[in-house]
Amino acid sequence: MAQSLDVDKLEREVKTVYRDVARTPDGEFHFEMGRPLAERLGYPPEDLDRIPADAIDSFAGVGYHFDLADLEEGDDVLDLGSGSGMDAFIAALHVGGTGSVTGLDMTDEQLEKARRLRDEAGLDTVSFEEGYIEDLPFEDESFDAVVSNGVINLSAEKERVFEEVYRVLRSDGRLALSDIISETRMPESIKTSADLWAACIGGAEQADDYTTTIETAGLDVTEVRENPEYEFTSERARGACSRYGVKSIGLSARKGNTGERT
């Protein structure tokens, strides 16, 4: 990680972008949003029909990975970077009344919107907590599954994120995510730009580095696949995609039965 990235500026930039996503989902962003995107990525329309429409309007994910998550009735699930709550609400459909879903986000406006939508829909198995994905405010081995959608690339401490995921997962727990990676390592001029990090480009890790980081944390990567239906919308973002192979992937990993890091 380059030392010249202004992490405080990065946090401010990211919060500004996703505050606007919560408040004005019909605004102009580097990325597509809403139900047409969700359906194209693979979310079943019948699932989308069962959750709050306003959460779908602010959906800014980069893939569909609930088939990789293999959620079951009664599972306890953590959603990293839960935004306005769409993936948390989808997870709640899978785990039923005996399971639980916890969304974690650092942006006040997203949390406020997600909690309001949860309350209006009476989804009492879903909670939303304020916090950072690099420092999870949960006990060890609290969750059966961790999911995340287009968020971990925004972190300047990805090693810490996956160490925390390992810590909060129970034995044989699963990680399923969609995220932005790159085929080649990008130059420092991009990786030290807080603006491009906030646009989900600057923080895109090279693919092999990304999976190595996950495995170093103790998790076994079980599947990696491309999400070809995802594409950026701004010219600046498209340029990075064509030059450096920036793209969306889906990935699953598992914590071993022994709970011992290899």
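Computed from a prediction, not measured in an experiment: that's the story for all the values here.

Analysis parameters
Each chain has its residues counted from 1, running along the sequence as written. Per-residue local features of the predicted model are confined to residues with pLDDT of at least 70, and side-chain atom pairs are confined, for both listing and counting, to 80 or more; whole-chain, interface and lining totals are unaffected and use all residues. Side-chain metrics rest on all non-hydrogen atoms present in the structure, leaving aside hydrogens and water. Strands here are runs of E lasting at least two residues and helices are runs of H or I lasting at least four, both read from the DSSP assignment and numbered beginning at the N terminus. By nonpolar core is meant a set of buried Ala, Val, Leu, Ile, Met, Phe, Trp, Tyr and Cys residues that side-chain atoms within 4.5 Å join together. When accessible area is computed with a 1.4 Å probe and restricted to protein chains, residues below 20% of their type maximum are described as buried, those above 50% as exposed, and intermediate ones as partly exposed. Here, two residues are considered to be in contact whenever any of their heavy atoms come within 4.5 Å of each other. Think of a salt bridge as a Lys or Arg side-chain nitrogen and an Asp or Glu carboxyl oxygen that are within 4 Å of each other. What the arc covers is the set of directions going from the helix axis to the C-beta atoms. Under this definition, polar contacts are N or O atom pairs within 3.5 Å; protein pairs additionally need one hydrogen-donor-capable and one acceptor-capable atom, and for neighbouring residues in sequence, both atoms have to be side-chain atoms.

Enquirer: I'm lost on unusual backbone geometry in this one. Help?
Expert: Note: most residues except glycine have negative phi, and most peptide bonds are trans. Positive phi, normally seen in glycine, also occurs at D70, with a value near 55 degrees. Structurally, the position occupied by D70 is in the loop between α5 (66–69) and β1 (76–80). Here the phi dihedral of E141 falls at roughly 55 degrees; this positive angle occurs in a residue that is not glycine. Relative to the helices and strands, E141 resides in the loop between β3 (126–130) and β4 (143–149).

Enquirer: Can you help me understand the nonpolar core in this one?
Expert: In summary, soluble globular proteins display a tendency toward joint burial of nonpolar side chains. With 44 residues, the main nonpolar core has Y43 and M86 as its most contacted residues. The residues contacting Y43, other than those within four sequence positions of it, are A38, L48, F59, G63, Y64, F66, M86, D87, I90 and N149. Counting residues in each nonpolar core, the second largest holds 26 residues, with L78, V146, I152 and V165 among its members.

Enquirer: Quick question: what am I supposed to make of the pattern of salt bridges here?
Expert: Side-chain pairs of opposite charge can arise whenever the charged atoms involved come near each other. The tally for this structure, following the rule as stated, stands at 16 salt bridges. Two residues, D119 and R118, come together in a salt bridge whose shortest N-O distance is 2.9 Å. Accessibility expressed as a relative area gives 16% for R118, which makes it buried. Ionic pairing is found between R167 and E164, a salt bridge with its closest N-O pair at 2.8 Å. Of the two residues, R167 and E164 both sit in helix α8 (residues 158–168), three residues apart, roughly one turn of that helix. In the salt-bridge network here, residues are joined through shared partners; they are D140, R160, E163, E164 and R167.

Enquirer: Just to check I follow, could you spell out helix α11 (residues 207–216) for this structure?
Expert: Three- or four-residue spacings in an α-helix give side chains the same orientation, since the helix completes a turn every 3.6 residues. Within α11 the residues assigned to the buried category are Y210, T211, T213 and I214. One side of α11 holds all its buried residues, which, seen down the axis, span an arc of 150 degrees. Residues of α11 that are exposed and point over 90 degrees away from its buried face: D208 and T216. Turning to α11, the residues buried within the fold contact α8, β5 (169–182), β6 (205–206), β7 (219–226) and β8 (247–255). With a side-chain oxygen lying 3.0 Å from the backbone nitrogen of D208, the N-terminal cap of α11 falls on Q206. Once α11 finishes, G218 follows within two positions and takes phi at roughly 115 degrees, a positive value.

Enquirer: Sorry if this is basic, but what is going on with the side chain of D144 here?
Expert: Topologically, D144 is positioned in strand β4. Owing to a relative accessible area of 18%, D144 belongs among the buried residues under this scheme. A polar side-chain atom of D144 sits 3.0 Å from a polar atom in the side chain of R170. Among all residues touching D144, those that are not within four sequence positions of it are G74, D75, D76, L169, R170, G173 and R174.

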